[in-house]
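Structural characterization, general
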Amino acid sequence: MAGKKISRREILGLGAVAAVGGALWHERADGKTHGGRAGQYQPAAARQKTAAAGRVYWEKSYSGGPVDVKPLPPGLPEKHYKPVVVPNGAALPFKVVDGVKVFHLIAEEVDWAFDAGLRAKCWGYNGRVNSTAIEAVEGERIRIYVTNRLPVPTSVHWHGFYLPNGMDGVGGLTQPYIRPGETVKYEWTLRQHGTFMFHSHHDEMTQMGMGLIGMFVVHPRKPAPEYHVDRDFSLMISEWAIKAGTARPNTLVMNDFNVLTINGKAFPSTAPLVCKTGDKVRIRLGNLGATDHHPMHIHGYHFRVTATDGEDIPLSAQWPETTVLVAVGQTRTIEFIADAPGDWAFHCHMTHHVMNQMGHDFPNMVGIKTGGLDEQLRPLLPAYMTMGHTGMDMGRMAEVMPYPKNTISMKGAAGPFGDYISMGGLFTVVKVRDQLKSYDEDPGWYKHPPGTVALKASDAELRRDGIDVNERTAAASGAERGHR
Ligand SMILES: [Cu+2]
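Predicted, not measured: the structure shown is a model, and the values here were computed from it.

**Some remarks on the pattern of salt bridges**
Enumeration according to the criterion identifies 14 salt bridges in this entry. Notably, a salt bridge pairs Arg149 with Glu108, separated by 3.5 Å at the nearest N-O pair. Separated by 41 residues along the polypeptide, Arg149 in the loop between strand E6 (141-148) and strand E7 (156-159) and Glu108 in strand E3 (residues 100-115) bring together distant segments of the chain. The exposure class assigned to Glu108 is buried, which follows from its relative accessible area of 17%. Among the ionic pairs, Glu187 bridges to Lys185, the shortest N-O distance being 3.9 Å. Residue Glu187 is classed as buried on the basis of its relative accessible area, which comes to 12%. Several salt bridges converge on common partners, so that one network encompasses Arg141, Arg143, Lys185 and Glu187.

As C-alpha cells, then:
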C-alpha cells in the first residue's frame, strides 16, 4: 500500500493541462491550506479581489461558481493520488470512458455481519453496508450510474458538492425517483476537493437507516506537499436499532440505537488503523446516523482538525484537539503524526456509544445484593440472571448464560492480558508499530517495553512510597455526612 508521491514532473504536467483546459482555475490567494495552491476553484474576478484585499467576507466560492467549467483529465490512483484506506470496506471501482470517470453504484439488499454473531438484512451499495467509498480527483468529470435493485424507489444525494441542481439527488424535488429496476445517470464536473458523503435522499429515515450511505473523497488536483500522508483513513459512522433475535434494523426508533458502527462494523469487528511509527496520519470521519452526534476521541495523541465537508481549514484557524465532534451530516478531517508506538484507543466518547446490543433495557442494579434471587427464579425462568449488580462488565456473560439468537455481547473483546476489553460499538484501535510487515495485516497486540505497563503494585513499592492501602478516606470516616 506504499503509495507513490506525485512527482514534480507529473504535477507540472497536470498543471499544464489545467492551464489549457480550464482558464478558470486559479491560485488560492493565501496559498496556505494543505489542499494545494491551485486546487481551489475560484471565479477569476472574485479571486483577484480577494488577492488584493485579503480574504473577503462574502466570497463567491461558497457557491462554487459557474457549473460549466471545463473538465480536467481523470486523476488515477497511485499516479495522481494515494488512495484512501477504507477499513472493513473498499473504494468503488471505476473506468475511464472518453475522458470521463465512470462509476456504477448498485443499491441492493445485503445480508450484513455487524460482528460475529450479529447479522441483519440491510440495504447497501455494491454488496457492502456503509463501507463502499467513492474516490475521485478535483477537476475531473464523473458519471455515476445508479442501479436500483431495491423493492422501493430511491435516489442518491451527493452531500457537500457543488453541482448542477438537477444532479443533487433529492427524490421528487430535483429528479424523479429511481424506481425499482431502473438505472439513472448522474454526471458533473468536480469543482472542489475534500471529504464528502453520499446517501439516499428518498424516504431517508428508512433508507439511510437501512444502510444507504457512503463516504466520497475528492483529492486535490495539485496537492501541496503537506497534503501527502502515509495513512489516509476513511471512516463512516452510523447507528442501528436491532432488537435481539430480529433480522432487520428497526428504522422507526429515534433514540434507542443499540448497534453503533464504523464502516458498518461494531467493535471488536472494526479493523484496526495500522500505522508505522512516524507516519503522517489523516482520518476522515463522516456521520450519517439518524440522530446522534459523536465526539470521537483519540488516546495518546492530539490531532489538528484540518478540514470539514465545507472546505480545508486554513492553517491559522486549525486548533489542537483530542476529541472532535462529528455531528449528523458532517465530515471532520483530523491529522497527526503517529510517533508513539502502541495500541491506542480511538472511540466515541459517549459511553452508550461504545456498547453493543445487549443491556440497554435494564435498571441500575449496581450494588444491589441479589442473595438467592437467581436460584429462586430459575425454576420459573430457566435462563434468569440478575444483570448489572456489578456494573455492566458483561464480557463474560456469554460464559454464564447463552445470548438470545442473533445478538452480540454488549461489549467485550478478548484482549492481550486475558481480561476482556469492555468496549463495543464506536471503538477501534490505532495500532502504531516500529516494524510492520504490511499495512494490510493486523500486527497483533502491542508488545510493551519492560516496565511500561500498569501492573499490580508490589509490597516493596508501596512501602517505599509510603502508600497505606488501608488509609481512611472521607467516605470511611463518615466525614461526607458532616459528623466527624
Ligand atoms: Cu457517539
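**Some thoughts on the coordination of the copper ion**
Of the protein atoms, only His294 (ND1), Cys348 (SG) and His353 (ND1) coordinate the copper ion, at distances of 2.0 Å. Summarised as a motif, the one-chain spacing of the donors to the copper ion is H-x53-C-x4-H. Note that His294 is positioned in strand E15 (residues 294-298) and His353 in the loop between strand E20 (342-348) and helix H4 (373-377), a separation of 59 residues in sequence. This pair shows no difference in class: His294 is buried, exactly as His353 is.

**Some words on the sheet that holds strand E14 (residues 279-287)**
In space, the six strands of this open sheet follow the order E12-E11-E14-E19-E16-E17, with mixed pairing throughout. Only two strands of the sheet have a single neighbouring strand rather than two, namely strand E12 (259-262) and strand E17 (320-321). Here strand E11 (residues 231-240) pairs with E14 via seven bridges, running parallel. Note that in E14 the partner of Asp232 across the bridge is Arg282.

Conventions adopted
Residues numbered from 1 in each chain as written. Predicted model: local features only at pLDDT ≥ 70, side-chain atom pairs only at ≥ 80, totals over all residues. Heavy atoms only, no water. Salt bridge = Lys/Arg side-chain N within 4 Å of Asp/Glu carboxyl O. Helix = DSSP H or I, 4+ residues; strand = E, 2+ residues; numbered from the N terminus. Buried < 20%, exposed > 50% of the residue type's maximum accessible area, 1.4 Å probe, protein only. Donors = N, O, S within 2.8 Å, 3.2 Å for Na, K, Ca; no water. Pairing = 2+ DSSP bridges.

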